[in-house]
Structures are given as structure tokens and as C-alpha cells.
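Next come the chains, spelled out residue by residue.
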Amino acid sequence: MRTHSAASTLEQRAGSAAWWSTLEILARYGVQFVVMVVLARLLSPADFGLIAILLALTTIGTLLVDSGFGVALVQRQHTTADDETTVFIFTVGASILAAGILMLAAPAIASFFHEPRLVDLTRVMALVLPLGAFASVPDALLTMRLDFRARARAEVVASLCSGAVAVVLALHGFNVWSLAWQSIVSIGVRGLLLWLYSGWRPRGRYRGASFRSLFGFGGYMLFTGLLNAAAIRLQSLLIGKLFDASALGFYTLAQGTQQAPASLIDGILKRVGLPVFSTIAQDKARLRSAFRASLRMAMFLFVPCMVGIAVVARPLIEFIYGARWSPAAPILSILSLSAALWPIHVLNLAAIGAQGRSNLLLRVEVIKQVMGILLIATASPWGPLAIAWAVLFSGFFGVVINAYYSKKLLNYGAFAQLLDQSATFALSLVAALVGWMILQRAPPGPASMLSAIAAAAVAYGTLAALTRNIALNGLLTIVRTLREKSDTSIS
């Protein structure tokens, strides 16, 4: 009876966390997407290219500053005041040091990319490192508590404030500086609100024992994060170095458009997956069941979305951003297909991490990301489109690698995982063909694109209902549970 009650409580917490996390990420990325659309019509591709270079550098800096401690706090579940204060002192101190190094290196960075404007931009963008470190512990604690309502408020307010600042600056001719200040304001406002909402204050002391204990797990997460960031951000750095800022701008816009839905599913699965999986990590059968159900539902929603973007990439780009951004369309198609299997990557890593096997995470990431980096570096001389193809092939390779240890730990390997998605793949293919046929027969324009999307969505949903798709049934059950919970709380 107690086990059943615990399971019910866990499901309710997970469902509530997923609900608020979904609302937060939808609102945040919705605001960011609208802002990106406005800025794409006000700024040049070169402006987006310049800021992409700096975001690549600051992302790596942020990972070095965090050093995996945030994830380590979440994975531990029960932390002391000394643990939390130790992480805070280290991350803030490291961020100030990293920001100083980045400022000093600004002339060398500008010289390397042959872009004089990068000197001042780099020095200002270095501020994102200490601003982000300021909220590292409150962010981790809210995630550990599955308190995504507070995170939702912080993220949405930060997105609204930074978006408003960026649009106003762009309208007044600040060009690339509007993008730089958007990043700074977003991180600063988010950090302040997370600090306030969490109620956390550094009440403990710095302890070497806490540092060593947390770094035992977090150190592996640092290296895996760096490898992952290197594979992703290397794309921007290579294009920025080998070609020009405009070419990088087209690639960045395509990547940003593809990452809008990818970031949604990534954020939800990472935030909910690791904390929830961690609570049931000792029960292998239960963990495998939760992993399998989560993967089915995530893939059911995600695969048709990414395949659909690949099909309508050109009319979508021209409709949203304008015809001058059309060179980004073929890049968007390939990157969208490469992201279709992203839930498999995320949930496999969450399941492994929940069991405290961060050493295996490092091993997986080393193999996967080294292969990805080699493919991207090899393809880079042939241009942004070739790099996108390299990302696609490295993604398929990564699925096999990610699932290798899930096979060993949970007896749920790549073949079984892909087989579970066979219905989703088949339905997505049929829906894509429906949309593609409409695009081929109808005159070009927004009307044909919207018709293709609507017809494909109807075909997908109808076929899923007729075949009694198990993932659809699971999603409907979650929706009914959340609705009943909402009705109960209101009454």
C-alpha cells in the first residue's frame, strides 16, 4: 500500500513538474521566437553571425564555471547548507576569473575571426558569466524540488524584459549590440528572480569535503557538457572562421529555428527526467518502465514536429523571417531531421545519470562527441550545408552510443528503443508525404504551407487514434489526470 502511495505521489509530482516546465519553456521560447522574428527583420545576417561567435565562447565559459555542480546538487537529492554554499562560492569566484580572462583575450578573438567589432562585444558579453553563476544554486535547488512554477515566472519575465530591450535597441539602430544586451538582460533578470523565488541564501561554509564529493559526480558532467558544447558550438566557430559573418548568420538562424522545438523537449526531459529518474533509480524495473513510457510519448510528439519542419523549411523561413533569409532553408531541413531522435539522446543520458553512473556518461560523450567533432571538422571546408549533413550523421551514430549502456544497465538498448518508436516513424512518414504532396501541387505561398501543415497534422492524429497508438493513450491519460487535479484544486 505504501509503495502504491509513493508511486502515486511521484507521478503527481512528475506530472505537475512536467506541466509547469512545459508552460515555462513554451512561454519563454515563444517570447524568444517572436523576438527573433522581429530582430531578423531589423538586423542583418552578419549581426546574428557575430553574436553567434560570442555565444559559443560564453557557453563554454559557463560550463567551466558551473563545473557540473548544479547537476550534482540535483542528483544528490539531499544537500547540506555547506554543500550549497561551497558550490556558490566556487561558481561565483570561477565566473569572475573566467570573465576577466575573456575580456583580456578580446583583441586576440577579434583578430582570429577578422572582426574588429568583436573586441568591445567580447568585453561586454563577458558579463553573462558572473550573472549566470549568481543563480546557479537557486536554479539547482528549484529543479531538485520540482518547483517549476517559480522557474516559469522567472524565465518568462526575463524573456519579456530582454526581448523588449533588444527590439527597442534594434529600432534605434544599435544593430548587433541589441543582441548582446538581450543576452545580458535575460541572464541578469532571470538570476535575480530565481534568487528571490528560491528563498535560498548562502548560510553554510565552504568545505573541501563538499567540493570533492560533489565534483566526483559533477566533474564527469563538466567534461560531458564541454564535449557536447564543443560539438555544437564548433559549428559556429568554424563557419565564422572559414567563411563570413553572413554565412554564419544564415546557419545560426536555421539552427535557432530548429532548436526552438528541440529546446522545448530538451528542457522538459532534462529538468523532469533526472530528478524523477533519480528517485526510482534503485528499482531497475520501475526505472526501465518509466524510461520506456517517457520515450514513447516524447518521440510521438517530437518526431512529426521535426519532420514537418524539414518538409516546409523554405516557405516557413520566407514567411516568418522574409525572403532574404531563404539561404537558411536547406540548412534548416537537414538540421531538423538530425534533431528528430533527440529525446532518445536526452532520456538515455538521464537514465544513466540518475543511477549515479556519471563515469559512463563521460565515456558515452567522449565517443559520441569526438566522432561528431571529427565529422564536423572534416565537412567544414565544404560550407554550412555540409556541416549540417555532418550533424545529421553524427546524430544517428550518437543514438547507438547513447543506448549502449542502457542495454547493459536496464536491458533496453538501441534496437528495442527504436522498435518501440516504429509506429511513430510510420505515422510521421505518412503525414510528411501528405504535406509534401500539397506543397508540390499548390501555388507557393503561406496558404499552401499552412494547408500542408494542417493536413499533415490531421492525418497524423487521425491515424494515431485509429490505430490506438500507445503513446497517444499515455498522453491523454496524463492530460486527464492534470485536468482532474486542476478541477479538484479549484473546488
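Nothing here was measured: the structure is a model prediction, and the numbers come from that model. Along each chain, residue indices are assigned from 1 in the same order as the chain's sequence is written. Reporting of local features is limited, given that this is a predicted model, to residues whose pLDDT is at least 70; pairs of side-chain atoms are given and counted only at 80 or more, and all residues count toward the totals for whole chains, interfaces and linings. Note: side-chain values were computed over all heavy atoms of the structure, leaving out hydrogens and water.

**Examining the pattern of salt bridges**
Here's step 1: The salt bridge criterion pairs a side-chain nitrogen of Lys or Arg with a carboxyl oxygen of Asp or Glu, the two atoms within 4 Å. As enumerated under the stated definition, the model contains seven salt bridges in all.
Here's step 2: Of the charged contacts, one joins Arg-190 and Glu-155 as a salt bridge, the two residues approaching to 2.7 Å between their closest N and O atoms. Here Arg-190, found in helix α10 (residues 176-198), pairs with Glu-155, found in helix α9 (residues 148-171); they are 35 residues apart in sequence, far enough to count as distant.
Here's step 3: Through salt bridges with shared partners, a single network forms among Asp-47, Glu-115 and Arg-117. Numbering of helices and strands runs from the N terminus, with a helix taken as a DSSP run of H or I at least four residues long and a strand as a DSSP run of E at least two residues long.

**Focus on the packing of aromatic side chains**
Here's step 1: Any Phe, Tyr or Trp ring, taking Trp's six-membered ring, that has another such ring centre within 6.5 Å forms a pair; planes under 30 degrees apart are called stacked, those over 60 apart edge-to-face, and the others tilted. Counting across every chain of the model gives eleven aromatic pairs.
Here's step 2: Each ring, one from Phe-33 and one from Tyr-321, has its centre 6.4 Å from the other, and the planes form 70°; the classification is edge-to-face. Of the two residues, Phe-33 sits in helix α1 (residues 2-42) while Tyr-321 sits in helix α14 (residues 313-321), which places them 288 residues apart along the sequence.
Here's step 3: Summary of the burial criterion: residues with accessible area below 20% of their type's maximum are buried, those above 50% are exposed, and those between are partly exposed, where the area comes from a 1.4 Å probe applied to protein chains only. Look at Phe-33 and you get partly exposed, because its relative accessible area is 25%.
Here's step 4: Seen in terms of ring centroids, Phe-88 and Trp-195 are 5.6 Å apart; in terms of plane orientation they differ by 45°. Their pairing is tilted.

**Details of the packing of α14 against helix α15 (residues 329-338)**
Here's step 1: Axes here mean lines fitted to C-alpha atoms, for a helix over just the part in contact, with angles spanning 0 to 180 degrees between N-to-C directions. The interhelical angle for the contact between α14 and α15, taken along N-to-C directions, is 125°, at an axis separation of 8 Å. On the basis of their axis angle, the class for α14 and α15 is oblique. Crossing of α14 over α15 shows right-handed handedness. Between α14 and α15, the residues in contact are Ala-313, Arg-314, Leu-316 and Ile-317 and Ala-329, Pro-330, Leu-332 and Ser-333, respectively. For classification purposes, an angle smaller than 35 degrees is called roughly parallel, one larger than 145 roughly antiparallel, one from 65 to 115 roughly perpendicular, and anything else oblique. Should the near helix be turned anticlockwise from the far one by less than a right angle, the crossing is left-handed, and should it be turned clockwise, the crossing is right-handed. Contacts are residue-level and defined by heavy atoms, with any inter-residue pair within 4.5 Å sufficient.

**Let's talk about the layout of surface pockets**
With a probe scaled to a water molecule rolled over the atoms, the places where space remains empty come into view.
Here's step 1: In this analysis the probe radius is 1.4 Å and the grid spacing 1 Å, with only protein atoms considered; a cavity is a set of points the probe fits into but cannot get out of, a pocket is an open set with protein on both sides within 12 Å along at least five of seven lines, and lining residues have an atom within 4 Å of a point. Grid points are joined across faces, edges and corners, and a volume is the space filled by probe spheres set on the points. Quantified by volume, the second largest pocket comes out at close to 360 Å³.
Here's step 2: Elements with a minimum of two residues in the lining of the second largest pocket: α13 (284-311), α14, α20 (422-441) and α21 (446-466).
Here's step 3: The element contributing the most residues to the lining of the second largest pocket is α21, with seven residues.
Here's step 4: For the lining of the second largest pocket, the per-class residue count stands at 17 nonpolar, three polar and no charged. Residues are grouped as follows: nonpolar covers Ala, Val, Leu, Ile, Met, Phe, Trp, Tyr, Cys and Pro; charged covers Asp, Glu, Lys and Arg; every other residue, Gly included, is treated as polar.

**Comments concerning the nonpolar core**
Here's step 1: In plain words, nonpolar cores are sets of buried Ala, Val, Leu, Ile, Met, Phe, Trp, Tyr and Cys residues tied together by side-chain atoms within 4.5 Å. Judged by nonpolar contacts, the single largest core of 76 residues is most densely connected at Leu-39, Phe-48, Leu-118, Tyr-251, Ile-317, Tyr-321 and Trp-325.
Here's step 2: If we skip the residues at most four places from it in the chain, Leu-118 touches Leu-50, Ile-53, Leu-54, Ile-109, Ala-110 and Phe-113.
Here's step 3: If you look at the next biggest cluster of nonpolar residues, it comprises 20 residues, including Leu-287, Ile-344, Val-399 and Tyr-405.

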